[in-house]
Amino acid sequence: MSIKGWIDKHYPEPNIYRWVGVVLEGISATVLFLLMALTCVDVVGRYLFNNSINGAFELTQMGLAIMVFAQMPLITWRGSHVVVDLLDHVLGNRIVKVLGIFSVFIVSSSFYFLAVRIDELAERSLRRGEVSEYLKIPTGYLTEYIAIMSWITAACMLTYGAYRVLKGNNETQQFGE
């Protein structure tokens, strides 16, 4: 299978959204690989050479933040959140749609206001010149990245999340698919 065929199969989004998904998942995969390599080298160094990598804990924290927040807009856009639908059959389709729209507004506004607060903290961190404890990496840039990805997640939830609810696309992905 060609690369284009593989991308077409695994990224059903149209146009630019497909490439945004490829880039964000590429970032996440690269960071995950680097975290795995860092952990392996750190463990080998600790047990064989009695010396670990300085700042491995900080790099792991930053890598996890990059990886998680790169995936949040994609998970939201694709509707891949964990959903509990125990009462959907009892309540009826109309009430489920109203509750779905209500949850879209609650989640998107929560992400928006959370991002505003995170952005304020990032600006304060950059203004004060705050750095990580061991490696002296400025923390404000990572915090700004988290705020931006949270805003993108809020926009994804508000636009495509509402579209999925109104369209009635209640596709659930089974375990293992």
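The rules behind these values
Residues numbered from 1 in each chain as written. Predicted model: local features only at pLDDT ≥ 70, side-chain atom pairs only at ≥ 80, totals over all residues. Heavy atoms only, no water. Helix = DSSP H or I, 4+ residues; strand = E, 2+ residues; numbered from the N terminus. Rg over C-alpha atoms; globule rule 2.2 N^0.38 Å. Buried < 20%, exposed > 50% of the residue type's maximum accessible area, 1.4 Å probe, protein only. Contact = heavy atoms within 4.5 Å. Areas by Shrake-Rupley, 256 points an atom, 1.4 Å probe, with all protein chains shown as cover. Lys, Arg positive; Asp, Glu negative; His and termini not counted. Charge placed at Lys NZ, Arg CZ, Asp CG, Glu CD. UniProt positions renumbered as here; feature names shortened; annotations may be inferred. pLDDT = per-residue confidence, 0-100. Phe/Tyr/Trp six-rings, centres within 6.5 Å; stacked < 30°, edge-to-face > 60°.

Trainee: I keep staring at the overall build of the protein and nothing clicks. Help me out?
Mentor: Assigned secondary structure in the protein consists of six helices and zero strands. Ordered by position from the N terminus, the helices and strands of the protein form the series α-α-α-α-α-α. A globule of 177 residues ought to have a C-alpha radius of gyration of about 16 Å, yet the protein, at 20 Å, is considerably larger. By principal-axis analysis of the C-alpha atoms, the protein measures approximately 60 × 45 × 35 Å. When the 177 residues of the protein are sorted by exposure, 29% land in the buried category. Contacts in the protein between residues at least 24 apart in sequence constitute 72% of all its contacts with a sequence separation of at least 6. Summed over its atoms, the accessible surface of the protein is roughly 12,400 Å², and 67% of this surface lies on carbon and sulfur atoms. Looking at charge distribution, the protein has the averaged site of its 14 positive side-chain charges lying 4 Å from that of its 15 negative ones.

Trainee: Before we go on, may I ask you to explain the UniProt feature "transmembrane region" (unreviewed entry) in the protein in this structure?
Mentor: Under the UniProt annotation, the feature "transmembrane region" (unreviewed entry) is placed at residues 16-44, 56-75, 95-118 and 139-163. Within the segment residues 139-163, helix and strand shares are 96% and 0% respectively, and the terminal C-alpha atoms sit 36 Å apart.

Trainee: Would you explain the confidence of the model for the protein in this entry?
Mentor: Should the pLDDT be low somewhere, the predicted coordinates at that spot are not to be read in detail. For the protein, the average pLDDT comes to 85, and 94% of its residues sit at 70 or higher. Ignoring residues within four places in sequence, the model shows residues 171-177, a span with pLDDT below 50, making one contact including any to other chains.

Trainee: What exactly am I supposed to notice about the packing of aromatic side chains here?
Mentor: Think of a pair of aromatic rings as described by two things: how far the centres are apart, and how the planes are tilted against each other in angle. Throughout the structure, instances matching the rule amount to one aromatic pair. Summarising the aromatic geometry, the rings of tyrosine 112 and phenylalanine 113 are spaced 5.1 Å apart at their centres and angled 75° between planes, so their arrangement reads as edge-to-face. Residue class for tyrosine 112 comes out partly exposed when judged on its relative accessible area of 41%. According to the relative accessible area criterion, phenylalanine 113 is exposed, its value standing at 56%.

Trainee: What should I look at first to understand the side chain of threonine 153 in this one?
Mentor: You can see threonine 153 is positioned in helix H6 (residues 140-167). Threonine 153 gets classed as buried once you look at its relative accessible area, which sits at 1%. With residues near it in sequence (within four places) discarded, threonine 153 still touches Met72, Pro73, Thr76 and Phe111.

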